[in-house]
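Here's the letter readout for the chains.
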Amino acid sequence: MKSLSFIRYGVAAIAVMVAQGASAETKIGAIFDLTGGLNIYGIQQMNALQLAVEDINARGGVLGEPVEVVSYDAQSEQSKYTQYANTAILRDRVDALFAGLTSSSREAIRPIIRKADIPYFYPSLYEGGACDKQTFVTGPSASQQLSVLIDWAVETYGKKIFIMAPDYNFGTISAHWVHEYARQLGAEVVGEDILALTVTDYAPTIQKIQAAKPDFVVALPVGANQTGFLEQFAAAGLKDSIGVVSTNYGSGNQQVVVSPAAGEGLIANQGYFQVVDNSANADFVKLWTARYGNDEPIISEAVDTWNAVQLWAAAVEKAGTSDTDAVVAALESGLSLEAPNGTVMLEPGSHHLRQNIYIVEGDANHDFTVLETFEGVAPVYENEKCDLIANPDLVEHFSPEGN
């Protein structure tokens, strides 16, 4: 993933400690990519966390005290996550940690968090499968998104599917779920190209797509690679005859920089898009715009982060303490939240969210229109594999067979 040049934020202003009161009894840590290639995501994640804390503190904080935030810039480097997770725990003694975009950053943090025994919130869509007592995931997992997207696409376009994905966990595990849901629906994967992240010339992939003659392509490249593929796909004249669907298009505001010729008609699905129409989202967008302006759309990872902080605060209030065991028990009690993306509910066993999944269509104005809303979609694979109520000592990162 690459940062997009239109982003203009005062990084220095949000990369320092956000002190919401020197006497605060509850302190949380935030590690996000405020600089480097992933900063388009990390800046919005940090902005959302700061906004959530300001909202909580304006309502009296937690347990009558303001929440204090200590933030760290991971600089889009995995090693920084390990370094700052230790700093947050050993030096700054945070009560909970909110951190990470990539799966590698999450997996670097999880062992440190388990040893420290504090709650950790991972606010990003991902390939799925993370399972342990201290980890809580507020973004949707691959099977959660693809369970509805492939069904919709097969019904809309037809049963012949081509998969184009990056060669790392997100791409290969997402490809697995495309195969699985195709099998369940009686559809066929007629071609597949799993590509290195360094690939920028998609002519060979486009030739494979032309030869395979699919009804639609599941396109999962990331960041600038995604916009590059979509531009080349459109330039080859394939858009009129082959549909394109994606679970990650728009998560980094790719729709803002892709040309209308490439973006119009493209199908994406995630747990949040700014065009979602409900009162909680209207309030959230109003808060966001007043604080940060409206230079670019709010991404899904920002709402994942907002939801994580709000659920943590609700759990502390319910527990009556920030003590880890009590907070985890409160989080496992089935907490729900009227969130910008609709009602979300934390599944007690899997520590993932049951949430709405939206299918949207790109338009000629660099925006989206909601086509269909699937309410309360469960974290499919995680609920099947991860039951931390029955087995609280379970520590796994489950992967489907063959991955």
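The structure displayed is predicted, hence computed values, not measured ones.

S.K.: Would you mind going over the side chain of threonine 305 with me for this structure?
M.R.: Relative to the assigned elements, threonine 305 resides in helix α12 (residues 300-319). Judged by its relative accessible area of 0%, threonine 305 is buried. A polar atom in the side chain of threonine 305 sits 2.8 Å from the backbone oxygen of glutamate 301. If we skip the residues at most four places from it in the chain, threonine 305 touches Phe32, Gln45, Ala48, Leu49 and Pro123.

S.K.: When you look at the packing of helix α2 (residues 39-58) against helix α11 (residues 279-292) in this model, what are you seeing that I'm missing?
M.R.: Pairs of packed helices are described in terms of their axes, by the angle between the two and the distance that separates them. Viewed as axis vectors pointing N to C, α2 and α11 meet at an angle of 105°, and their least axial separation amounts to 11 Å. Compared by their axis directions, α2 and α11 come out roughly perpendicular. Listed contacts from α11 to Gln44, Asn47, Ala48, Gln50, Leu51, Glu54 and Asp55 of α2 are Phe284, Leu287, Trp288, Arg291 and Tyr292.

S.K.: I would appreciate a short explanation of the state of the cysteines in the present structure.
M.R.: When the sulfur atoms of two cysteines share a covalent bond, that bond is a disulfide. Under the defined criterion, the tally for this structure stands at one disulfide. Here cysteine 131 connects covalently by a disulfide to cysteine 386, the sulfurs 2.0 Å from one another. A torsion of 80° about the S-S bond marks the disulfide between cysteine 131 and cysteine 386 as right-handed. In this pair, cysteine 131 is assigned in strand β5 (residues 130-131) and cysteine 386 in the loop between α14 (380-385) and β16 (396-397), connecting sequence segments 255 residues apart. Both residues of the pair, cysteine 131 and cysteine 386, belong to the buried class.

S.K.: Explain the pairing of strand β15 (residues 368-377) here, please?
M.R.: Across seven bridges, strand β14 (residues 353-362) lies against β15 in antiparallel orientation. When the sheet's bridge partners are listed, isoleucine 359 is paired in β15 with glutamate 372. The hairpin turn running from β14 into β15, its antiparallel successor, is five residues long, and histidine 366 in that turn takes a positive phi close to 60°.

S.K.: Help me understand the environment of isoleucine 109 in this model?
M.R.: Mapped onto the elements, isoleucine 109 comes out in helix α4 (residues 103-116). The exposure class assigned to isoleucine 109 is buried, which follows from its relative accessible area of 0%. Isoleucine 109 has contacts with Tyr81, Ala85, Leu97, Ala99 and Tyr120, leaving out every residue within four places of it along the chain.

S.K.: Just to check I follow, could you spell out the packing of aromatic side chains for this structure?
M.R.: One pair of aromatic rings is described through two measures. These are the centre distance and the angle between the planes. Within this structure, the stated rule accounts for 17 aromatic pairs. Ring geometry for tyrosine 72 against tyrosine 84: centres 5.4 Å apart, planes inclined by 25°, an arrangement best described as stacked. Of this pair, tyrosine 72 sits in strand β2 (residues 67-73) while tyrosine 84 sits in helix α3 (residues 78-90), placing them twelve residues apart in sequence. Neither residue differs from the other here; tyrosine 72 and tyrosine 84 are each classed as buried. Ring geometry for tyrosine 202 versus phenylalanine 229: centroids 5.6 Å apart, planes at 85°, classification edge-to-face. Of the two residues, tyrosine 202 is situated in the loop between β8 (188-195) and α7 (203-212) and phenylalanine 229 in helix α8 (residues 224-235); the sequence distance between them amounts to 27 residues. Take tyrosine 202 and phenylalanine 229: they sit in the same class, and that class is buried. Lying over the aromatic face of tyrosine 122, arginine 106 brings its terminal NZ or CZ to 4.8 Å of the ring centre.

S.K.: What am I meant to see in the pattern of salt bridges here?
M.R.: Side-chain pairing between opposite charges can occur once the charged atoms of the two side chains come close. Going through the model one piece at a time under the given rule, you end up with twelve salt bridges. The salt bridge involving glutamate 180 is made with arginine 183; its shortest N-O contact spans 2.6 Å. Separated by three residues within a single helix, glutamate 180 and arginine 183 lie in helix α6 (residues 169-185), roughly one turn from each other. According to the relative accessible area criterion, arginine 183 is exposed, its value standing at 56%.

S.K.: I would appreciate a short explanation of the sheet that holds β2 in the present structure.
M.R.: In any sheet, the strands associate via hydrogen bonds between backbone groups, in a parallel or an antiparallel arrangement. Sheet architecture is open: five strands sit in the order β2-β1-β3-β4-β6, paired in parallel fashion. Sheet topology places β2 and β6 (135-137) at the edges, where each strand pairs with a single neighbour. Neighbour to neighbour, the strand axes of the sheet diverge by 20° on average, direction disregarded. Relative to strand β4 (residues 120-122), strand β3 (residues 96-99) is paired through two bridges, and the arrangement is parallel. The partner of leucine 97 across the bridge, within β4, is tyrosine 120. The strands touched by α12 are β1 (26-32), β2, β3 and β4; relative to β3, the strand with the most contacts, the crossing angle is about 170°.

S.K.: Any chance you could explain the confidence of the model for the protein here in plain terms?
M.R.: Any region with low pLDDT has predicted coordinates that should not be read closely. Averaged over every residue, the pLDDT of the protein is 92; the share at 70 or more is 94%. When the criterion is pLDDT under 50, residues 1-24 qualifies, and its contacts beyond four places in sequence or with other chains add up to 66 contacts.

S.K.: Would you take a moment to explain helix α5 (residues 142-157) for this structure?
M.R.: Along an α-helix, residues three or four positions apart point the same way, because every turn accommodates 3.6 residues. With 16 residues, α5 ought to run about 22 Å at 1.5 Å a step, and its terminal C-alpha atoms sit 21 Å apart, in line with that. All of the buried residues along α5 are Ala142, Ser143, Gln144, Gln145, Leu146, Val148, Leu149, Ile150, Trp152, Ala153 and Val154. Following α5 by one or two positions, glycine 158 adopts a phi angle in the positive range, close to 135°.

S.K.: Explain the pairing of β8 here, please?
M.R.: With seven bridges joining them, strand β7 (residues 160-166) and β8 adopt parallel strand pairing. Its bridge partner lying in β8, isoleucine 161 is registered against valine 189. Regarding the hand of the β-α-β motif, the stretch spanning β7, α6 and β8 is right-handed.

S.K.: Whenever I open this one, the packing of α3 against α4 confuses me. Can you help?
M.R.: Between α3 and α4, whose axes approach to 9 Å, the crossing angle comes to 25°. Between α3 and α4, the crossing angle belongs to the class labelled roughly parallel. Relative to α4, the crossing made by α3 is right-handed. Mapping the contact onto sequence places Gln78, Tyr81, Thr82, Ala85, Asn86 and Ile89 in α3 and Ser104, Ser105, Ala108, Ile109, Ile112, Ile113 and Ala116 in α4. In terms of residue class, the contact of α3 with α4 is made up of eight nonpolar, five polar and no charged.

Conventions we followed
- Within every chain, residues take consecutive numbers counted from 1 along the sequence as written.
- Residues qualify for local features only when their pLDDT is at least 70, as the model is predicted, and side-chain atom pairs are given and counted only at 80 or more; totals for whole chains, interfaces and linings, by contrast, use all residues.
- Only hydrogens and water are set aside when side-chain values are computed; all heavy atoms of the structure are taken into account.
- Runs of H or I in DSSP of at least four residues are treated as helices and runs of E of at least two as strands, each being numbered from the N terminus.
- Only protein chains enter the area calculation, which uses a 1.4 Å probe; residues under 20% of their type maximum are buried, those over 50% are exposed, and those in between are partly exposed.
- Any pair of nitrogen or oxygen atoms within 3.5 Å is treated as a polar contact; in protein, a donor-acceptor pairing is required on top of that, and neighbouring residues in sequence qualify only through side-chain atoms on both sides.
- In this analysis, two residues are considered to be in contact whenever any of their non-hydrogen atoms come within 4.5 Å of each other.
- Interaxial angle, 0 to 180 degrees, is taken between N-to-C directions of lines fitted to C-alpha atoms, where a helix line uses only the stretch in contact.
- Any angle that falls under 35 degrees is termed roughly parallel, while one over 145 is termed roughly antiparallel, one within 65 to 115 roughly perpendicular, and all others oblique.
- Disulfide: a pair of cysteine sulfur atoms within 2.5 Å of each other.
- Each pair of strands is called paired provided DSSP finds at least two bridges between the two strands.
- Between 30 and 60 degrees the pair is tilted, below 30 it is stacked and above 60 it is edge-to-face, where a pair is any two Phe, Tyr or Trp rings, Trp via its six-membered ring, whose centres lie within 6.5 Å.
- Sitting over a ring, as applied to charges here, requires NZ of Lys or CZ of Arg to be within 6 Å of the ring centre and within 35 degrees of the ring normal.
- The salt bridge criterion pairs a side-chain nitrogen of Lys or Arg with a carboxyl oxygen of Asp or Glu, the two atoms within 4 Å.
- Think of pLDDT as the predictor's per-residue confidence, scored from 0 to 100.
- Any helix carries an expected span of 1.5 Å times its number of residues minus one.
- Think of it like this: strands point away, you trace from the first strand over the helix to the second, and a clockwise trace means the crossover is right-handed.
- By the definition used in this description, the sense in which the near helix is turned from the far one sets the handedness, with an anticlockwise turn below a right angle giving left-handed and a clockwise turn giving right-handed.
- Classification convention: Asp, Glu, Lys, Arg as charged; Ala, Val, Leu, Ile, Met, Phe, Trp, Tyr, Cys, Pro as nonpolar; all other residues, Gly among them, as polar.

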